[in-house]
Amino acid sequence: MSPERKIPERRGRKARRTRDTLAQAAFELVLDRGLRNVTVEEIAEAADVDRRTFSRYFASKEAAALDSLRGDGDRINAALRARPADEPPLLAYRRAVLDWLGDPAAEPWHLRPRIFDLLVVAEEEPTLYAAFHHIRVDAQEDSVAIVAARLGADPRRDIRPAVTVAAGAGALLAAQAAWVRGGRPDSLPDLVTEAFDALTADLLEGPYAAPERPATADAGTTTGATPIAGTTSTTSTTEAVAEGTEATS
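Quick look at the structure, then. Just so it is clear, the structure is predicted and the values come from calculations on it, not from any experiment. (Residues numbered from 1 in each chain as written. Predicted model: local features only at pLDDT ≥ 70, side-chain atom pairs only at ≥ 80, totals over all residues. Heavy atoms only, no water.)

### Section: the environment of Leu172
Reasoning step 1: The residue Leu172 is located in helix α9 (residues 160–182) in this model.
Reasoning step 2: When its relative accessible area of 10% is taken as the criterion, Leu172 is described as buried.
Reasoning step 3: On a C-alpha basis, the gap between Leu172 and Val97 in space is 8.1 Å, while along the polypeptide they are 75 residues apart.
Reasoning step 4: Contacts of Leu172, omitting those with residues within four sequence positions, involve Ile76, Val97, Trp100, Val192 and Phe196. (Helix = DSSP H or I, 4+ residues; strand = E, 2+ residues; numbered from the N terminus. Buried < 20%, exposed > 50% of the residue type's maximum accessible area, 1.4 Å probe, protein only. Contact = heavy atoms within 4.5 Å.)

### Some points on the layout of surface pockets
Reasoning step 1: Empty space within the second largest pocket amounts to approximately 310 Å³.
Reasoning step 2: If you trace the second largest pocket, you find 22 residues lining it, with Gly73, Ile76, Ile135, Arg136 and Ala139 closest to the centre.
Reasoning step 3: Elements that contribute at least two residues to the lining of the second largest pocket include exactly α5 (67–82), α6 (89–101), α8 (126–151) and α9.
Reasoning step 4: Here the element with the most residues in the lining of the second largest pocket is α8; it accounts for eight residues.
Reasoning step 5: For the lining of the second largest pocket, the per-class residue count stands at 11 nonpolar, five polar and six charged. (1 Å grid on protein atoms, 1.4 Å probe; cavity = no way out; pocket = protein on both sides within 12 Å on 5 of 7 lines; lining within 4 Å. Points joined across faces, edges and corners; volume = space filled by probe spheres on them. Nonpolar A, V, L, I, M, F, W, Y, C, P; charged D, E, K, R; others polar.)

### Let's talk about the nonpolar core
Reasoning step 1: If you look at the biggest cluster of nonpolar residues, it comprises 59 residues, and the most contacted ones within it are Val97, Trp109 and Val192.
Reasoning step 2: Those residues within four positions of Val192 in sequence are excluded, and the remaining contacts are Val97, Leu98, Leu101, Leu172 and Ala175. (Core = buried A, V, L, I, M, F, W, Y, C linked by side-chain atoms within 4.5 Å.)

### Here's the deal with α6
Reasoning step 1: For α6, built from 13 residues, the straight-helix expectation of 18 Å at 1.5 Å per residue is met to within 8% by its first-to-last C-alpha distance of 19 Å.
Reasoning step 2: Counting buried residues in α6 gives 12 out of 13 residues, a clear majority hidden from the surface.
Reasoning step 3: For α6, the full list of buried residues reads Pro89, Leu90, Leu91, Ala92, Tyr93, Arg94, Arg95, Ala96, Val97, Leu98, Trp100 and Leu101. (Expected span 1.5 Å × (residues − 1).)

### Brief notes about the environment of Asp186
Reasoning step 1: One can find Asp186 in the loop between α9 and α10 (188–197).
Reasoning step 2: Separated by 76 residues in sequence, Asp186 and His110 have C-alpha atoms that sit 5.9 Å apart.

### A look at the packing of aromatic side chains
For any pair of aromatic rings, geometry is given as the distance between the ring centres together with the angle between the planes.
Reasoning step 1: Under the defined criterion, the tally for this structure stands at two aromatic pairs.
Reasoning step 2: A centroid spacing of 5.8 Å and a plane angle of 50° characterise the contact between Phe54 and Phe58, whose relative ring orientation is tilted.
Reasoning step 3: Relative to Trp179, the ring of Phe116 has its centre 5.1 Å away and its plane inclined at 80°; by these criteria the two rings are edge-to-face. Of this pair, Phe116 sits in helix α7 (residues 115–124) while Trp179 sits in helix α9, placing them 63 residues apart in sequence. The residues Phe116 and Trp179 share a single accessibility class, namely buried.
Reasoning step 4: For Arg136, the ring lying beneath its charged end belongs to Phe132, and the centroid distance is 4.8 Å. (Phe/Tyr/Trp six-rings, centres within 6.5 Å; stacked < 30°, edge-to-face > 60°. Lys NZ or Arg CZ within 6 Å of the ring centre and 35° of its normal.)

### With respect to the packing of α5 against α8
Reasoning step 1: The contact between α5 and α8 brings their axes to 9 Å, and the two run at 10°. If you check the angle between α5 and α8, you find them roughly parallel. The segment α5 lies against α8, with Leu69, Arg70, Gly73, Asn77, Leu80 and Arg81 engaging Phe132, His134, Ile135, Asp138, Ala139, Asp142, Ser143, Ile146, Val147 and Arg150.
Reasoning step 2: Looking at side-chain class alone, the contact of α5 with α8 contains seven nonpolar, four polar and five charged residues. (Axes fitted to C-alpha atoms, helices over the stretch in contact; angles between N-to-C directions. Parallel < 35°, antiparallel > 145°, perpendicular 65-115°, else oblique.)

### Brief notes about the environment of Val97
Reasoning step 1: Tracing the backbone through its elements, the reader meets Val97 in helix α6.
Reasoning step 2: In sequence terms Val97 and Asn77 are 20 residues apart; their C-alpha atoms lie 8.7 Å from each other.
Reasoning step 3: If we skip the residues at most four places from it in the chain, Val97 touches Ile76, Leu172, Val192 and Phe196.

### Concerning the pattern of salt bridges
Reasoning step 1: Under the definition given, this model contains 18 salt bridges.
Reasoning step 2: The partner of Glu87 in a salt bridge is Arg95, with the nearest N and O atoms 2.9 Å apart. Both residues of the pair, Glu87 and Arg95, count as buried.
Reasoning step 3: Among the ionic contacts, a cluster of salt bridges with common partners joins Arg16, Arg19, Asp20 and Asp67. (Salt bridge = Lys/Arg side-chain N within 4 Å of Asp/Glu carboxyl O.)

### Observations regarding the packing of α6 against α10
Geometrically, a packed helix pair is captured by the angle between its two axes and the distance between the axes.
Reasoning step 1: Two elements in contact, α6 and α10, have axes whose closest approach is 10 Å; the angle formed by their N-to-C orientations is 175°. On the basis of the axis angle, α6 is roughly antiparallel to α10. Residues Leu90, Tyr93, Arg94, Val97, Leu98 and Leu101 of α6 form the contact with α10, whose participating residues are Leu188, Pro189, Val192, Thr193, Phe196 and Asp197.
Reasoning step 2: In the contact of α6 with α10, the residues fall into nine nonpolar, one polar and two charged.

This is how it looks when you write it as structure tokens:
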């Protein structure tokens, strides 16, 4: 490797470390003191950089505090790209989310320290929630492109990719909201499965009977992670409907 190539690589690693240090400082300060009690200057000082350096990496303290969540959308999309080409799109999206939740190489939300607490704060702080929504929108745009490629469709003219991603992302968002409000940090995989199961003909044609869940634990209690059921072997009603829809499209 030439010396000229090593210099940009070193600069890239240094920039990544600076960004990660700022994000971690924002994450910890926001959780320890509350979003409104933290300034950009304090985040920069905690990361041992100046305000100008902060502004090169982040537009706001909200974006910095949530930066660790941006990679989750990338991992879901990577899992979506890896799903078998013959899977119906919504089924592929569902299984990509479950693959992400079960990935031992990168801990998802429900296993990562204090992420549950961060999303609780996001539910209570409008500007933090708006920043989180922006991250989701970016990830969903990539998802639409991936689904369109699977279908051989032009997403500007064919509405199916956008509808598929809107449905799947909506199920994930509903599960996340129930997870945060339910006070059970271990329950996200079960709630994701339940949310995707709700995307069935029963929900459109008649009453939907939600499965019974254990009583809500105290908000600060964390138990062992719930195993993810049905990731590869169990075919739910949602999957059957998705397969049938694909067969007739």
